[in-house]
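Okay, here's what each chain looks like letter by letter:
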Amino acid sequence: MVLDLVVPSPQGTSWGLGGTCVNVGCIPKKLMHQAALLGQALTDSRKFGWECSQQVKHNWETMTEAIQKHVGSLNRSYQRALREKAVAYVNSYGEFVEHHKIKATNGKGQETYYTAAKFVIATGERPRYLGIQGDKEYCITSDDLFSLPYCPGATLVVGGSSVALECAGFLAGLGLEVTVMVSSQLLQGFDQEMAEKVASSMQQLGVRFLRKFVPVEVQQLEKGSPGKLKVVAKSTEGTEMIEGLYNTVLLAIGRDSCTKKIGLEKIGVKVNEKTGKIPVNDVEQSSVPYVYAVGDVVEGQPELMPVAVQAGRLLARRLFGGRLEKCDYINAPTVVFTPLEYGCCGYAEEKAVEVYRKENLEVYHTLFWPLEWTVACRDSNTCYAKIIYSKFDNDRVIGFHVLGPKAGEITQGFAAAMKCGLTKQLLDDTIGIHPTCAQVFTTLEITKSSGLDATQKGC
Amino acid sequence: MHQAALLGGMIHDASHYGWKVAQPLHDWGKMAEAVQNHVKSLNWGHRVQLQDRKVKYFNFKASFVNPHMVCGVSKGGEETLLSADHIVIATGGRPRYPTHIEDALEYGITSDDIFWLKESPGKTLVVGASYVALECAGFLTGLGLDTTVMIRSVPLRAFDQQMASLVTEHMAVHGTRILRGCTPLRVEKLSDGRLQVTWVDLASDKKDTGTFDTVLWAIGRVPETRGLNLEKAGVRTNPNTQKILVDAQEATSVPHIYAIGDVAEGRPELTPTAIMAGRLLAQRLCSRSSDLMDYDNVPTTVFTPLEYGCVGLSEEEAVARHGEERVEVYHAYYKPLEFVVPERDASQCYIKMVCLREPPQLVLGLHFLGPNAGEVTQGFALGIKCGASYQHVMRTVGIHPTCAEEVAKLRISKRSGLDPTVTGC
């Protein structure tokens, strides 16, 4: 049985079966990112001889309608899949009332009780609010953006997370005026050199960054779709106050686990007080043996959809299929789908230095110019590739970073190679596919320690 | 030019994503100029690099006088004799012309010419089944030109045949006319300047004609060894292929004369392979290393409208080498997320991983048909170099949403007979 009732966002947005990824995450995000990339393609196409008119406008409603149509089809396909496997789908909100028993409340408030031998918690997370005046009334989050029935207009994105930067990126790509307000680090937890390069590439596209500020109040000046909002913000380093006017304020300051109102305390499932996440062992079991957890609610695991799916699949096999395989979380690759995409697998450089020490590492890097950018007259020194080797075991690759087009497509195979113990020698021995961006990794020659110029020359 | 064609497709997609744009016309001249300017900048870049490294560059046509001496002839006809301790031949190849067709040279062009045309080639007949033929036909179609490909027997002969047929199927569905089992007999010039081609269908023996603005021969390449006077140096070639015979050190039958790249026998005809072979040779000659070139598992990509990236063995090669019982093929038909909004046909988007059946199921070959195939394949090629097994790939967490993650999600084997279509998000 699956229980999945979505609590509407403060703005009233709700959605169907499939979780965050399908409805308000990866899928609509990637489609909006694609819409923005296509805008860039229109600009490039002129250089390649296509007689495209100079000023092309974007229609938000056309895009969201198409995206929601696809999301709807995914909701339905999941419902169908559950039916086909004879899994009962109950569109209700579940919470524990006692051991092995839950109360399910549907949208109309009707309560039903169910018991089961085993339970899996996969309730995920929801966007965090600032806790300031006007935030819930006037601000939207990623929960609302992908089905927003009107164009958001000039937008202030609050936050430095991958969600913040991805949204800011595609909004700018669609032709909107975008500002990003970050209180401290960008892409916390990621390689900071790469994070700064991501920000820099976004600035090149016209995104404005307000660093080290945090909003203290949001006021509505005008109602509308969109309306007009005034944001008052305070510096995190001093007493400076700034004000700004925007049509939309999008909060992307992090996500909180949905573990507070599902009765976990009634059955004694331990929850980390600080993070709200559920600690589990290596077989996804919580502190209560018959309760398992997968996905973003789980403590200490990457918040990635494929990780959740893999964990869930292997759990099912272990519980019912007599299999023993555990989920391997090591070196889970990830990609930030900013206009210029950033893919990575393994250690950030600063983390590698912390764990291995600088003298035991070698970092190879290069700037590169995608062939498709040459004729399009796009900058030759923006895209960047970096590999970190550990001198310990045979120059094994422990960190892979790429900033460039199609970073996701590039990174996947490298992640598989790292699983197989990729070393520098093997990288050097492998022939590149020409002409691609990915091939740049097979000819890395310049180390950071040499101090040499990392710009590319020749074909 | 493939990118120019892809951009045309993107403009079409863009309107589905909300961009208010009408399908525009394409100006060949503008594209050609931009492409040619970039190529010229690369020519220049190479000259600068040679200069920086103090390598003397002679714009001469060279041929052997004896094993240690070469005669270089300039454009003006002046001869210069040059001698050296080591000589490297990297003269590559040139497109082949059909010998049985009169005036093939005068009336047809090749890949040597197509990228330098100042004006659109118009309605084009591409003769050939090589990746050159299919790539050219592909981008010409994408630029809006009426394009036909004439294939005598099978497309992409040296490649996995299931993948090759999906490649051509995609092209046929998307506007390229494909004439299978046909071969041209004659090319005649009409009074209006257009070309009339007569061909025969080999199965039925029926003849047919067609009128085209351009005929593009893409029936293979011949190594540039004829004008080198190799016999004066004692360098031996394969009498069938005309390519230069080399050993694992890239040395020819004459120890101090080497050959690398497309001109060398038994080497993959790929740029990065030639570059790496040259680089390693240079290091060996300067006694910096003794590393030899590894020609196994060289990845490549065919840049047809739907790209095909591959590394390792084709399914038929794997079966021939190991036997059908010892090979397991995992496969999937998938749909790139970006295709859903513009409702693009994804029928040929397909992945196949050929493995040994015995655990841990070593990966013998990977075949990916879809957008950005080159970018997808590169990393997996590294994996194969590292001895990747099916287990390794399956334990790799996917990056979502991408096309590449579908490789890490391959579960259905051909042997199971189950439907390999990916469902769900």
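What counts as what
- Residues numbered from 1 in each chain as written.
- Chains lettered and ligands numbered in written order.
- Predicted model: local features only at pLDDT ≥ 70, side-chain atom pairs only at ≥ 80, totals over all residues.
- Heavy atoms only, no water.
- Helix = DSSP H or I, 4+ residues; strand = E, 2+ residues; numbered from the N terminus.
- Rg over C-alpha atoms; globule rule 2.2 N^0.38 Å.
- Buried < 20%, exposed > 50% of the residue type's maximum accessible area, 1.4 Å probe, protein only.
- Contact = heavy atoms within 4.5 Å.
- Areas by Shrake-Rupley, 256 points an atom, 1.4 Å probe, with all protein chains shown as cover.
- Lys, Arg positive; Asp, Glu negative; His and termini not counted.
- Charge placed at Lys NZ, Arg CZ, Asp CG, Glu CD.
- Pairing = 2+ DSSP bridges.
- Axes fitted to C-alpha atoms, helices over the stretch in contact; angles between N-to-C directions.
- Domains from an automatic or database assignment.
- Buried area = accessible area lost by both parts, 1.4 Å probe.
- Nonpolar A, V, L, I, M, F, W, Y, C, P; charged D, E, K, R; others polar.
- Patch = residues over 30% accessible without salt bridge, like charges linked within 9 Å, V, L, I, M, F, W, Y side chains within 5 Å.
- Salt bridge = Lys/Arg side-chain N within 4 Å of Asp/Glu carboxyl O.
- Left-handed = near helix turned anticlockwise from the far one by under 90°.
- UniProt positions renumbered as here; feature names shortened; annotations may be inferred.
- Expected span 1.5 Å × (residues − 1).
- Polar contact = N/O pair within 3.5 Å; in protein donor to acceptor, adjacent residues only side chain to side chain.

### Considering the overall build of chain B
For chain B, the helix and strand inventory stands at twelve helices and 20 strands. Against the globule reference of 22 Å for 425 residues, chain B gives a C-alpha radius of gyration of 24 Å, in line with a compact fold. Its C-alpha atoms give chain B principal-axis dimensions of about 70 × 65 × 50 Å. Here chain B holds 425 residues, and 51% of them are scored as buried. Partitioning the intrachain contacts of chain B with sequence separation of at least 6 by distance along the chain shows that 57% fall at a separation of at least 24. Entry remark: accessible area of chain B is about 19,600 Å², with carbon and sulfur atoms responsible for 51%. Of the charged side chains in chain B, 43 are positive and 48 negative; the average position of the first set lies 3 Å away from that of the second.

### Observations concerning the sheet that holds strand β17 (residues 334–336) of chain A
Residue and element names in this part refer to chain A. What the five strands build is an open sheet, ordered β17-β18-β21-β20-β19; its pairing is antiparallel. Lying at the two open borders of the sheet, with one neighbouring strand each, are β17 and β19 (361–368). This sheet shows a mean twist of 15° between the axes of neighbouring strands, independent of strand direction. Sheet analysis places β17 next to strand β18 (residues 342–346), joined by three bridges and oriented antiparallel. Within β18, the position partnered with Thr334 by the bridge is Cys344. Lying on the sheet, helix α12 (residues 407–419) is in contact with β17, β18 and β21 (396–403); it crosses β21 at an angle near 175°.

### A closer look at the domain arrangement of chain A
Residues and elements named next belong to chain A. In terms of domain boundaries, chain A breaks down into domain 1 (2–126 + 256–320), domain 2 (135–254) and domain 3 (340–450). Of the roughly 1,000 Å² buried where domain 2 meets domain 3, counting both sides, 62% is carbon and sulfur surface. Considering only residue class, the side of domain 2 that touches domain 3 consists of four nonpolar, three polar and three charged.

### Concerning a nonpolar patch on the surface
Among the surface-exposed residues, Leu50(B), Val55(B) and Tyr57(B) lie close enough to one another that they form a single nonpolar patch of about 250 Å² accessible area. For Tyr57(B), the location among the structural elements is in the loop between α2 (28–52) and β1 (61–66).

### Structural notes on the packing of helix α2 (residues 26–47) of chain A against helix α6 (residues 162–173) of chain A
All names here are of chain A. Contact geometry of α2 with α6 gives a least axis separation of 8 Å together with a crossing angle of 35°. Judged by the sense of rotation from one axis to the other, the crossing of α2 with α6 is left-handed. Contacts between α2 and α6 involve Lys29, Met32, His33 and Ala36 from the former and Glu166, Phe170 and Gly173 from the latter. Taken together, the residues of the contact of α2 with α6 sort by class into three nonpolar, two polar and two charged.

### Concerning the UniProt feature "domain: Pyridine nucleotide-disulphide oxidoreductase dimerisation" (unreviewed entry) in chain A
As annotated in UniProt, the feature "domain: Pyridine nucleotide-disulphide oxidoreductase dimerisation" (unreviewed entry) corresponds to residues 333–443 of chain A in the numbering used here. When the span residues 333–443 of chain A is considered, its composition is 29% helix and 29% strand, and the gap between its end C-alpha atoms is 22 Å.

### A short note on the UniProt feature "domain: FAD/NAD(P)-binding" (unreviewed entry) in chain B
Mapped onto the present numbering, the UniProt feature "domain: FAD/NAD(P)-binding" (unreviewed entry) falls at residues 26–278 of chain B. For residues 26–278 of chain B, the end-to-end C-alpha separation is 39 Å, with 28% helix and 27% strand making up the annotated structure.

### Topic: α12(A)
Residues and elements named next belong to chain A. Helix length check: α12 (13 residues) gives 18 Å between terminal C-alpha atoms against 18 Å at 1.5 Å per residue, within 8%. Burial analysis of α12 places 13 of its 13 residues in the buried class, which makes it a mostly covered element. Just beyond α12, the residue with positive phi is Gly421, at close to 85°.

### Concerning the UniProt feature "binding site: FAD" (unreviewed entry) in chain A
Residue and element names in this part refer to chain A. According to UniProt, the "binding site: FAD" (unreviewed entry) feature falls on Lys30, Gly94 and Asp296. The largest pairwise C-alpha distance within this set of annotated residues, which runs over 267 residues, is 30.3 Å, so the set is dispersed in three dimensions. With respect to the helices and strands, Gly94 occurs in strand β3 (residues 92–98). The contacts of Gly94, once residues within four sequence positions are left out, are Leu3, Lys103, Ala104 and Ile262. Relative to the helices and strands, Asp296 is located in the loop between β16 (291–293) and α9 (305–320). Residue Asp296 is classed as buried on the basis of its relative accessible area of 19%. Once you skip the residues sitting within four places of it in the chain, Asp296 turns out to touch Gly124, Glu125, Ser257, Lys277, Glu303 and Leu304.

### Quick notes on unusual backbone geometry
Here Ser225(A) and Pro226(A) are connected by a cis peptide whose omega angle stands at 0°. Position of Pro226(A) relative to the elements: it lies in the loop between β11 (213–222) and β12 (228–235). The step from His400(B) to Pro401(B) runs through a cis peptide bond, and the omega angle for that step is -5°. As for its placement among the helices and strands, Pro401(B) is situated in the loop between α11 (390–395) and α12 (405–408). Even without being a glycine, Asp395(A) presents a positive backbone phi close to 60°.

### Examining the interface of chain B and chain A
Taken together, the contact pairs 77 residues of chain B with 87 residues of chain A. The contact between chain B and chain A buries some 7,200 Å² in all, and 69% of this surface belongs to carbon and sulfur atoms. When the buried area of chain B at its contact with chain A is split by residue, Trp19(B), Glu375(B) and Val397(B) rank highest and sum to 11% of it. Linking chain B with chain A are three salt bridges. Taking the shortest distance from any N to any O, the salt bridge between Lys69(A) and Glu343(B) comes out at 3.3 Å. Counting across the interface, chain B meets chain A through 21 residue pairs in polar contact (both at pLDDT 80 or more). Breaking the side of chain B that touches chain A down by element, the ones donating at least two residues are α1 (2–16), α2, α8 (271–285), β16 (300–302), α10 (373–385), α11 and α12 of chain B.

### Describing the sheet that holds strand β19 (residues 350–356) of chain B
Residue and element names in this part refer to chain B. Taken together, the five strands give an open sheet; going across it, the order is β16-β17-β20-β19-β18, and neighbouring strands pair in antiparallel fashion. Strand pairing shows two members of the sheet lacking a second neighbour, β16 and β18 (327–333), which therefore form its edges. Here the strands of the sheet are splayed against their neighbours by 10° on average, with no regard to which way each runs. Two elements, β18 and β19, share seven bridges in a ladder whose sense is antiparallel. Within β19, the position partnered with Val329 by the bridge is Val354.

### Considering the pattern of salt bridges
Overall, the coordinates contain 40 salt bridges over all chains when judged by the stated rule. The residue Lys30(A) makes a salt bridge to Glu338(B) at a minimum N-O spacing of 2.8 Å. Of this pair, Lys30(A) sits in helix α2 while Glu338(B) sits in the loop between β18 and β19, placing the two residues on different chains. You'll find Lys30(A) and Glu338(B) in the same group, each marked buried. Within this structure, Asp191(A), Glu193(A), Glu349(A), Lys386(A) and Lys448(A) form a network of salt bridges that share partners.

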